[in-house]
Number of protein chains: 2
Amino acid sequence: MVVATLRFMRFAKGHGTGNDFVILVDEDGSAGLSADLAAALCNRHTGIGADGVLRAVRTQALARVGEVPGIAETAHAPEWFMDYRNADGSIAEMCGNGIRVFARYLARRGLVRGNEIAFGTRAGFRTVKFGADGDVTVDMGAVSLLGPGRAVIGGTLHHGLRLSVGNPHLACLVQDRLDSFDLTSPPALDPAEFPDGANVELVRVTGPGSASMRVYERGSGETCSCGTGAVAAVAAVAHEAGLAEGSWRLTVPGGDLTVTLRATTAYLTGPAVIVAEGDLEPAWLQAAQAADASAAAD
Amino acid sequence: MVVATLRFMRFAKGHGTGNDFVILVDEDGSAGLSADLAAALCNRHTGIGADGVLRAVRTQALARVGEVPGIAETAHAPEWFMDYRNADGSIAEMCGNGIRVFARYLARRGLVRGNEIAFGTRAGFRTVKFGADGDVTVDMGAVSLLGPGRAVIGGTLHHGLRLSVGNPHLACLVQDRLDSFDLTSPPALDPAEFPDGANVELVRVTGPGSASMRVYERGSGETCSCGTGAVAAVAAVAHEAGLAEGSWRLTVPGGDLTVTLRATTAYLTGPAVIVAEGDLEPAWLQAAQAADASAAAD
């Protein structure tokens, strides 16, 4: 069986507060990144290793290949689309840390110019700004407060706030030190409250305008950082304080983020670091694709 | 403070049965790989991510810089030395999967030639052979059987065999399915039996000449594979069967290895895969080294 010719072999690895990504530039949308290849790339022992893959495709090319219907039909569609894949290869709409790293890398490669750039994502257009201090900010869109919710975490019932930041969250404000909680197994959620599951944040206010967070991501376990989780956590802190707007410094296990709430949207600001750039070994890629083709033939 | 100029930025990533490594070629031994930089490279979220670093240095150069005293004084010293670092940056003598990946990469780069090559390591010279089927074999040296030992694993006392494969092991032959054991926390060892701790192997004979293993590595937790652990596991199986020599197929979580026992040595055979090759981002490397210099100044 003939394995499809590889269209990309160049990759980069980057991270935002420890949320890490493999980045691929596939300008004409012809690379054919399968779920299995994305998962092989993200495998931390036999691949490059990452929380997800960020594939950059020109929006017009994506429209031509029909991969994301309707993507280029809007006037002023952004030049680049961020095709995000989870570590298991599944598709996700958006990733707040991912898009900041994505923007940094495209700028680094000279593929985008200017300080404020819009990108297409499956959750709609998202605008990213480069700060003078090296931080990158993304407009995360509106946060919806959905009422009280609860979860059993490490055998104890916790009450929190249900929120949507495009994806579902339960943010629980806690008084205890965050390292006293057990997040080795998934928090138990009420399916009536969360029919699709949710990311669960443990949030502790540490001072005026500052808080700390740990997060359990649906399907991934505890992670170093989660962009939508950071926004949900700060929105819960603001709600508790009776505030609708403001800026909070949020410490996550992988570093520090700033979340700024405005009436109609929320901004996520933080570091976006490129670690390395290189080429996938042809034999490795061929084996990953052969495994793929054989799985497809089954 | 002036940060030392970087002497290497090129890296590769490879693995042997899921035991993965960052590989650096530092021909003249001038790179100055600190423990902190090795740990930063191995960080799976903010670095490249690996179980360890394999630094290739020409033996003569290493002798010149005095890093490994006496290394080049032996007649017929190998051309290349493998400087192995654990994921936390600490030095280790040898790594059975690492040296197989190391040999593969040096051959791939054209830095070694031939089918059988000796390398210097802190545990002495080690000879590696390339198989026709793509597998790589390393002569692991002698295995010492040290008598009975025991460990509490997941609340249950297990009896096994103490062995040395350069480093200390407790190999426990078990009847139950390997996935029924809890290796999330370290097996409790008797300090009188293991003053320096040990790697612990759970080994199940699965047929004539075949066995399966899970391993808890001292200081690392459960891993996909461990070269010395594979040799220890097979030596324990052979001892139980009253055999001193022979060849066993051993399935580890990261794939399949073959261990061949001879009267005076043991051979470890298995895949050695290069995943990718690339360049560390200068800004990332500078930040890692600045953190280093600042820690050194403290």
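Residues numbered from 1 in each chain as written. Chains lettered and ligands numbered in written order. Predicted model: local features only at pLDDT ≥ 70, side-chain atom pairs only at ≥ 80, totals over all residues. Heavy atoms only, no water.

Colleague: Explain the domain arrangement of chain A here, please?
Modeller: Interfaces are often sized by the accessible area lost when the parts come together. All names here are of chain A. If you check the domain split of chain A, you get domain 1 (6–139 + 273–297) and domain 2 (144–264). Taken over C-alpha atoms, the centre of domain 1 sits 26 Å from the centre of domain 2. Of the residues lining the interface, seven residues belong to domain 1; the matching set on domain 2 comes to nine residues. In terms of surface lost to domain 2, no three residues of domain 1 exceed Thr17, Asn19 and Asn97, which account for 65% of the buried area on that side. At the junction of domain 1 with domain 2, the criterion picks out zero salt bridges. (Domains from an automatic or database assignment. Contact = heavy atoms within 4.5 Å. Buried area = accessible area lost by both parts, 1.4 Å probe. Salt bridge = Lys/Arg side-chain N within 4 Å of Asp/Glu carboxyl O.)

Colleague: What should I look at first to understand the relation of the copies chain A and chain B in this one?
Modeller: Both copies of the chain are related by one operation, a rotation about an axis with a shift along it. When chain A is fitted onto chain B, the two copies agree to an RMSD of 0.0 Å after a turn of 180 degrees and an axial shift of 0.0 Å. What the superposition gives is, in effect, a two-fold axis relating one chain to the other. Relative to the rotation axis, the closest C-alpha in chain A is found at A:Gly278, a distance of 1.8 Å. (Least-squares fit on C-alpha atoms with pLDDT ≥ 70 in both.)

Colleague: I would appreciate a short explanation of the pairing of strand β5 (residues 116–121) of chain B in the present structure.
Modeller: Each regular strand displays side chains that alternate between the two surfaces of the sheet. All names here are of chain B. Note that β5 and strand β6 (residues 124–130) share six bridges and pair antiparallel. Looking at β6, one finds that Phe119 is bridged to Arg126. Where β5 hands over to β6, the hairpin turn is made up of two residues, counted between the paired strands. (Pairing = 2+ DSSP bridges. Helix = DSSP H or I, 4+ residues; strand = E, 2+ residues; numbered from the N terminus.)

Colleague: Just to check I follow, could you spell out helix α4 (residues 227–240) of chain A for this structure?
Modeller: In an α-helix, one full turn covers 3.6 residues, which means residues spaced three or four apart are oriented alike. All names here are of chain A. With 14 residues, α4 should cover 20 Å at 1.5 Å per step; its first-to-last C-alpha distance of 20 Å lies within 8% of that length. Within α4, twelve of the 14 residues are buried, which leaves it mostly tucked inside the rest of the structure. Within α4 the residues assigned to the buried category are Gly227, Thr228, Gly229, Ala230, Val231, Ala232, Ala233, Val234, Ala235, Ala236, Val237 and Ala238. Where α4 terminates, the next one or two residues include Gly242, which has phi positive at roughly 75 degrees. (Expected span 1.5 Å × (residues − 1). Buried < 20%, exposed > 50% of the residue type's maximum accessible area, 1.4 Å probe, protein only.)

Colleague: Honestly, the interface of chain A and chain B in this entry has me stumped. Any pointers?
Modeller: With 23 residues of chain A at the contact, the number on the chain B side is 23 residues. Between chain A and chain B lies a buried interface of about 2000 Å² when both sides are counted; carbon and sulfur atoms form 52% of it. For chain A, the biggest contributors to the area lost against chain B are A:His45, A:Val275 and A:Glu281; these three give 32% of the whole. Counting across the chain A and chain B interface gives two salt bridges. For B:Glu281, the salt bridge identified is with A:Arg108, shortest N-O distance 2.2 Å. Connecting chain A to chain B are 15 residue pairs in polar contact (both at pLDDT 80 or more). Taken together, the elements giving at least two residues each to the side of chain A that touches chain B come down to β1 (10–16) and β18 (273–280) of chain A. A per-element tally of the side of chain A that touches chain B places β18(A) first, with eight residues. Residue composition of the side of chain A that touches chain B, grouped by class: nine nonpolar, six polar and eight charged. Bridge analysis of β18(A) against strand β18 (residues 273–280) of chain B gives five bridges, and the strand direction is antiparallel. If you follow A:Gly278 over to β18(B), its bridge partner there is B:Gly278. (Polar contact = N/O pair within 3.5 Å; in protein donor to acceptor, adjacent residues only side chain to side chain. Nonpolar A, V, L, I, M, F, W, Y, C, P; charged D, E, K, R; others polar.)

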